[in-house]
Amino acid sequence: YWGTALESPVAERFERDHQVVLRRCASIVHPRGRVWQRVSLDRALDPGGVVEIKTCSEIRARELGAPGTDEILTEHYVQVQAQLEAVNAHTAWVPYLVAGQDYREYVVRPEPEVQAAIVEACERFWRDHVLTRIPPASDSPVTLARIWPRVARDRRPTTPDEDRVIAYYALA
């Protein structure tokens, strides 16, 4: 709820700070005839930029890097890379509103290798599971880390208690 409710005020702050006018994107983009791919942009910044507005809690904000870097939450990083690829944009600005009061900005540039991996994984999922109506097998975090190294970049080591829980579920 708050992400949607606070999107306009965060966009206005970005416009004021950068002396720009953002274009609201009302439609879902269906790029390059890929029937499986859809992206929804919060705002566009001409020429060739996107603005993806995010909110998060103070706890999740601990996973963010320094403002101005591309060190955003992993799920947002994957989303933004998919958006950049889909609309062939050169930059994504990702303003975060942390806990409703701490405004931060991050800048993400296209990473073609990451984008290619996203496209390949999505195409494979569409082909192997959606079209065939065969659900995917359950996957482990170890496999995910091998496929998506950036996703595996953990900000802290696991605790012994967490290791025991992971081991327990890995055996299930």
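Everything numeric in this text was worked out from a predicted model, so none of it was measured.

Draft legend 1. Focus on the overall build of the protein. Each helix and strand in the protein was counted, giving eight helices and eight strands. In the protein, buried positions account for 33% of the 172 residues. Residue pairs at least 24 apart in sequence account for 61% of intrachain contacts in the protein once pairs closer than 6 positions are excluded. Taken as a whole, the protein presents about 10900 Å² of accessible surface, with 57% of it coming from carbon and sulfur.

Draft legend 2. Summary view of the side chain of H76. One can find H76 in helix 4 (residues 74–87). Setting aside residues up to four positions removed in sequence, H76 forms contacts with K54 and Y96.

Draft legend 3. Looking closely at the packing of helix 4 against helix 5 (residues 112–130). At a minimum axis distance of 9 Å, the contact between helix 4 and helix 5 shows a crossing angle of 90°. Viewed along their axes, helix 4 and helix 5 adopt a mutual orientation that is roughly perpendicular. In this structure, helix 4 uses Y77, V78, Q81, A82, L84 and E85 to contact helix 5, whose residues at the interface are V114, Q115, I118 and V119.

Draft legend 4. Expanded view of helix 5. With 19 residues, helix 5 extends 25 Å between its outermost C-alpha atoms, agreeing within 8% with the 27 Å of an ideal straight helix rising 1.5 Å per residue. The inward-facing, buried residues of helix 5 contact helix 4.

Draft legend 5. Fine view of the pairing of strand 8 (residues 102–108). Pairing of strand 7 (residues 91–98) with strand 8, which is carried by seven bridges, proceeds in the antiparallel orientation. Bridged to V98 within strand 8 is D102. The turn joining strand 7 and strand 8, which pair antiparallel and follow one another in sequence, is formed by three residues; a positive phi near 55° is taken by A99.

Draft legend 6. Looking closely at the confidence of the model for the protein. Here the protein averages 87 in pLDDT, and 88% of its residues register 70 or above. The least confident element of the protein, judged by mean pLDDT, is helix 7 (residues 149–152) at 58; the most confident is strand 8 at 98.

Definitions and cut-offs
Residues numbered from 1 in each chain as written. Predicted model: local features only at pLDDT ≥ 70, side-chain atom pairs only at ≥ 80, totals over all residues. Heavy atoms only, no water. Helix = DSSP H or I, 4+ residues; strand = E, 2+ residues; numbered from the N terminus. Buried < 20%, exposed > 50% of the residue type's maximum accessible area, 1.4 Å probe, protein only. Contact = heavy atoms within 4.5 Å. Areas by Shrake-Rupley, 256 points an atom, 1.4 Å probe, with all protein chains shown as cover. Axes fitted to C-alpha atoms, helices over the stretch in contact; angles between N-to-C directions. Parallel < 35°, antiparallel > 145°, perpendicular 65-115°, else oblique. Expected span 1.5 Å × (residues − 1). Pairing = 2+ DSSP bridges. pLDDT = per-residue confidence, 0-100.

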